[in-house]
Structure formats: C-alpha cells, structure tokens
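Reading the structure
Chain residues, written in single-letter form:
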Amino acid sequence: MFNSLSVRVSFFGFLLLVLSSFTHASPVQPMNLDVDRVDVSAALRLVADFAELNLILADDVKGEVTLHLSRVSWEQALQQIALQKRLTTKIENGTLFVSADAGYFGLNFDGPFSPAEKPTEDYATSIFKVRHVLASVAIKAFPLRSGEHLAADDESSVVVAQLPPNRVSDLKKFLEAVDFPRQQLMIEARIVEVDSNYSKQIGVNWSGTVAPGNVISSSMVDLGVQAATSSASIGYVTNSLILDLELNAMEKSGSGKIISKPRVFAQDRQQATIVRGSEIPYQQSAGDGATSVAFKQAALSLSVLPIVDEEGANLSLELRKDSPDFSNLVGGVPTITTSSISSKIRVPFGQTIAIGGVFSDQVSEIVHEVPGLARIPWLGRLFQFHSNSTTTSELMLFITPTLVPFHQANQKADASRS
C-alpha cells in the first residue's frame, strides 16, 4: 500500500512538473497598439488591461500620444509611451504606477521600468524630418521588430527612432518613399436642377450608367425614413464653354436653375468637402415632461476624394442635397427632402463629366375659380375647380478636374500666407 501511494504521488508530481514546464515555455502574447492623438491615460489603461495590472496615475500624467506598434510586448508599449511623455513607471504588487515625478508615490523607481532615465535598448536615437505628410501617417506602415521604437510628433513634423544601424537606413528609404509632394487638383463643379423634359437638350453625350445603389432620393423627417434607390447615367461634355451657355439659356427659359458652382482645391488622396446650408431647430422630448431644442441639417454638400495619375484622376464623389419642405410638417417639424449621388468615376484632366438620373417630383395644387361667385359663402365651392400639377426635376452634377502645377500651387500658398 505504501508503494502504491508513493507511485501515485510521484505520478501526480511528474504531471504537475510537465504542466508547469508547458506554462513557462509559452511565448509572451504580443500586442498591437495603433492610436492617433489619444489621451495618454487612455493608452496606459490599454496597456495595463492587456498586462492584467492595476493602474494608478498621478495628476501630472497629461497630454496625447500617437502610437503605431505592431506585435510588441506590453513592456515595450509601456516604454514607448513613457519615452514620448517623459514619464516614470513602476510595477509593484500587481499595480502599475505612472508619474512624471519619480518620487510622487513615495516608491523607489529604480527598476527596469524607468524609461525616462534608462532605456531598455542601447540603440542610438535618430531624428527624421517629414515635410509633406503627417509624421504619424509617415511611419504607420513601417514594421517594427522586437526592441525597436518609433515615435511621431505631428506638431513639429519629426520622427524619432531607436533602431539598429542597418534598420535606420531602411527607415530612411521608407520615409523617402512616402514623404513626397502630392499633386493638387482644382475641382470645379456645377450642380444643376433641371426639368426632366429639358435635360436631354443640354449638350451631353450620355453613354454610361451608374450601378444601382449609388444614387439615393428620399424624403425624411428627423427620425429618418429608409431611402429608395435608383440608377443614374454618366455623360461626357466636349466643350465646357458651350455647357455654360446652355445652362444660362436653361435658366432664362425657366427650365431649370444652377443651384451652386463650387470650386475646391484637393490634394491627391485627400478628401475635400464643401457644405452650404442651414440647420432647422425643433423641439424634442428630454424626459420628465421637459423639452430640448435639436437641429436637423438641411444643406447642399459635395465631397470629392481624388486619386491622381499621369493623365487624369479617379474621383470618389458624393453629392447630397437636403432641403426643408415647410408645406409638409410632421409634429411641427418640416420634412427634409433628400437627393444624393455617390459614385466612383475616372475623369481626364480638363474633361467634364456629367452625372444625372436623380429625379424628384413636386406636386402643387392649382385652384381655378370664377371671380366674385367663388367668394359666396357655402355656394362659392360650386364655382371653384381644383387640379394638381406634378413637375419632375432631375438633379445633375457636372465635374471638371484640372491639374495644378506645383509652382502654381506654391504661389497660391505664398499669396495666402502674405
């Protein structure tokens, strides 16, 4: 019996030893930390939660950090935050203490987590200047290895690196590849609302269509109503000067109106947006019988995201026209009539593309009456005739991208600074 008990104890001891060896041999789980201008206390909470540590922050822990770390240990992430904000850290009894003052907590901050005074790596610090993009954007795709650190300061446009010598040259080549002057476009738009019967008389070669789902037209109140979808057409304008003459003739004949002719400058791969309109106030319930004032935006907006190549630009367009309808109130709130176009098209420089096909119906009531007799009480109704008139209009967008040479863009920038 004694021998049997000894065998059992030895077996369980051996099993615990094997399990313990597997536990200690498991690799440390790496973490990814990709944040832009986030509060430093929030970044420290992310690291503490990942490391399963309690966190105590001093009042002097302030500011924002930008971090793009991939597959690093939580210790390396913590060190990087401390390096950027000159913080001192200490781990004691499962609690992470952080302060800008080493004596703030009355603890001895002489352990391995004092990155403001003693980095864990001996790599030299290299500083790079970026000119054409944000520093945080410039280093976003650069892969980091164990023990390597990158910090970006967007305000001063510098990148601070702690890398081995051979990796410093890799970073330099990488920054040269991503930090270059972007092409600039002047995007001229003509937003037109025209009678559907007159739209085909405008000199446009309609030769394409936009896929269904890219064009939306609806009416909505403050809570919103699901929009209906339709398809639209794409056309090419051969002469912009003739187009302007035809649009002026359209307005003079009363067949349509030019809603807006915005111009905007946009850099390659940078979105530009123009918004013109107003906000409509209305009252809503705030609970316990109280009310508060809320606002619903009714505006005309155009957003353009260009991707420039040698001969033209791929444009991601979104046109939205919201207008209040005070003749149709819901709970005292006017409905918002919405028409929008969202499309991706390619346009050569200087070429004008037309997008149409968003139709809206406007119903108006016309009262015909016999003068004098129609005003007789009770009997006046017999001398009145009511009819409804429906007018269908089409929302059209004409877009023309023009490449701005670098020297002209610099002259415009110098003129604006002066």
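Whatever comes next refers back to the structure up there.
Okay, so let's go over this structure. Keep in mind that what you see is a predicted model, and the values were worked out from it rather than measured. (Residues numbered from 1 in each chain as written. Predicted model: local features only at pLDDT ≥ 70, side-chain atom pairs only at ≥ 80, totals over all residues. Heavy atoms only, no water.)

A short note on the overall build of the protein chain
Selection rule: In this text, helices come from DSSP runs of H or I with a minimum length of four residues, and strands from runs of E with a minimum of two, each type numbered from the N-terminal end. Relative accessible area decides the class of each residue, using a 1.4 Å probe on protein chains only: under 20% of the type maximum gives buried, over 50% gives exposed, and in between gives partly exposed. In these tables, accessible area is a Shrake-Rupley quantity obtained with a 1.4 Å probe, and a residue counts as shielded only by the protein chains included in the view.
Looking only at helices and strands, the protein chain features seven helices and 19 strands. Here the protein chain holds 418 residues, and the buried ones make up 38% of them. Accessible surface, the protein chain: about 24600 Å² in total, of which carbon and sulfur atoms supply 53%.

Looking at the nonpolar core
Basically, it comes down to this: Here, nonpolar core refers to any group of buried Ala, Val, Leu, Ile, Met, Phe, Trp, Tyr and Cys residues whose side-chain atoms link them within 4.5 Å. The contact criterion used is simple: two residues touch if any of their non-hydrogen atoms lie within 4.5 Å.
Grouped together as the largest cluster of nonpolar side chains are 41 residues, with contacts concentrated most on Leu-33, Leu-44, Ile-81, Leu-150, Leu-163, Leu-171 and Leu-175. Beyond its immediate stretch of four places on either side in the chain, Leu-163 contacts Tyr-123, Ala-124, Phe-142, Leu-144, Glu-148, His-149, Leu-150, Val-168 and Leu-171. Among the nonpolar cores identified, the runner-up in size contains 26 residues, and Ala-189, Ile-191, Ile-341 and Ile-353 belong to it.

What about helix 2 (residues 40–51)?
Stated formally: To estimate how far a helix should reach, multiply one less than its number of residues by 1.5 Å. The arc refers to the directions leading from the helix axis to the C-beta atoms.
Along its 12 residues, helix 2 runs 17 Å from first to last C-alpha, staying within 8% of the 16 Å computed at 1.5 Å per residue. Buried residues of helix 2: Val-40, Ser-41, Ala-43, Leu-44, Val-47, Ala-48 and Ala-51, and no others. Looking down the long axis of helix 2, one finds its buried residues gathered within 160° of arc, a one-sided arrangement. Those residues of helix 2 that are buried are in contact with strand 1 (31–39), strand 2 (54–57), strand 3 (64–72), helix 3 (74–85) and strand 5 (95–99). Once helix 2 finishes, Glu-52 follows within two positions and takes phi at roughly 60°, a positive value.

Remarks on the packing of aromatic side chains
To keep things clear, this is the line we draw: Two aromatic rings from Phe, Tyr or Trp, using only the six-membered ring of Trp, form a pair when their centres are within 6.5 Å; if the ring planes differ by under 30 degrees the pair is stacked, by over 60 it is edge-to-face, and anything between is tilted. Whether a charge sits over a ring comes down to the Lys NZ or Arg CZ being within 6 Å of the ring centre and within 35 degrees of the ring normal.
What the rule picks out here adds up to one aromatic pair. Taking the ring centre of Phe-180 as reference, the NZ or CZ of Arg-182 above it sits at 3.9 Å.

Some words on the pairing of strand 4 (residues 88–92)
The line we're drawing: Strand pairing is defined by DSSP finding a minimum of two bridges between the two strands.
Where strand 4 lies against strand 5, five bridges are found, and the strand directions are antiparallel. Note that in strand 5 the partner of Thr-88 across the bridge is Ser-99. The hairpin formed by strand 4 and strand 5 contains two residues between the paired strands, and Asn-93 there has a positive phi angle of roughly 55°.

Things to note about the sheet that holds strand 7 (residues 149–153)
What counts here: Axis definition: a line fitted to C-alpha atoms, over the contacting stretch in the case of helices. Angles run 0 to 180 degrees between N-to-C directions.
Ordered by their spatial adjacency, three strands build an open sheet running 6-8-7, and the pairing between neighbours is antiparallel. Lying at the two open borders of the sheet, with one neighbouring strand each, are strand 6 (125–129) and strand 7. In this sheet, adjacent strand axes meet at a mean angle of 20° when their direction is disregarded. Its contacts with the sheet put helix 5 (residues 165–178) on strand 6, strand 7 and strand 8 (158–162), and the angle it makes with strand 6 is roughly 10°.

Side note on the sheet that holds strand 2
Strand order across the open sheet formed by three strands is 2-5-4, with mixed pairing between neighbours. What marks the edges here is a single partner per strand, and that holds for strand 2 and strand 4. Strand-to-strand twist across the sheet, computed as the mean angle between neighbouring axes with direction ignored, equals 20°. For strand 2 and strand 5, the ladder comprises four bridges, and the chain directions are parallel.

What about the environment of Ala-58?
Topologically, Ala-58 is positioned in the loop between strand 2 and strand 3. Sequence separation between Ala-58 and Asp-101 is 43 residues; the distance between their C-alpha atoms is 8.6 Å.

Focus on the side chain of His-149
Counted only if it meets this: For the purposes of these results, a polar contact is taken to be a pair of N or O atoms within 3.5 Å, where, inside protein, one atom must be able to donate a hydrogen and its partner to accept one; residues adjacent in sequence count only when each atom of the pair is a side-chain atom.
On the secondary structure map, His-149 appears in strand 7. Using a relative accessible area of 3% as the deciding quantity, one classes His-149 as buried. Looking at His-149, its side chain comes within polar contact range of the side chain of Gln-79, at 3.2 Å. Among the polar contacts listed, one links the side chain of His-149 to the side chain of Gln-80, at a separation of 3.3 Å.

Here we look at unusual backbone geometry
You will see that Glu-52, though not glycine, has its phi angle at about 60°, which is positive. Within the fold, Glu-52 resides in the loop between helix 2 and strand 2. Its identity is not glycine, yet Arg-86 carries a phi of approximately 55°, on the positive side. Mapped onto the fold, Arg-86 is located in the loop between helix 3 and strand 4. Residue Arg-86 is classed as exposed on the basis of its relative accessible area of 65%.

A look at the pattern of salt bridges
Which entries qualify depends on this criterion: Basic side-chain nitrogens of Lys or Arg form a salt bridge, by our definition, when they fall within 4 Å of a carboxyl oxygen of Asp or Glu.
The tally for this structure, following the rule as stated, stands at 10 salt bridges. Across the salt bridge formed by Glu-188 and Arg-190, the nearest N and O atoms sit 3.6 Å from each other. We note that Glu-188, like Arg-190, is buried. Notably, a salt bridge pairs Arg-269 with Asp-268, separated by 2.7 Å at the nearest N-O pair. A residue is classified by how much of its surface remains accessible, and Asp-268, at 8% relative accessible area, is buried. Among the charged side chains, a network of salt bridges with common partners joins Glu-188, Arg-190, Asp-244 and Arg-263.

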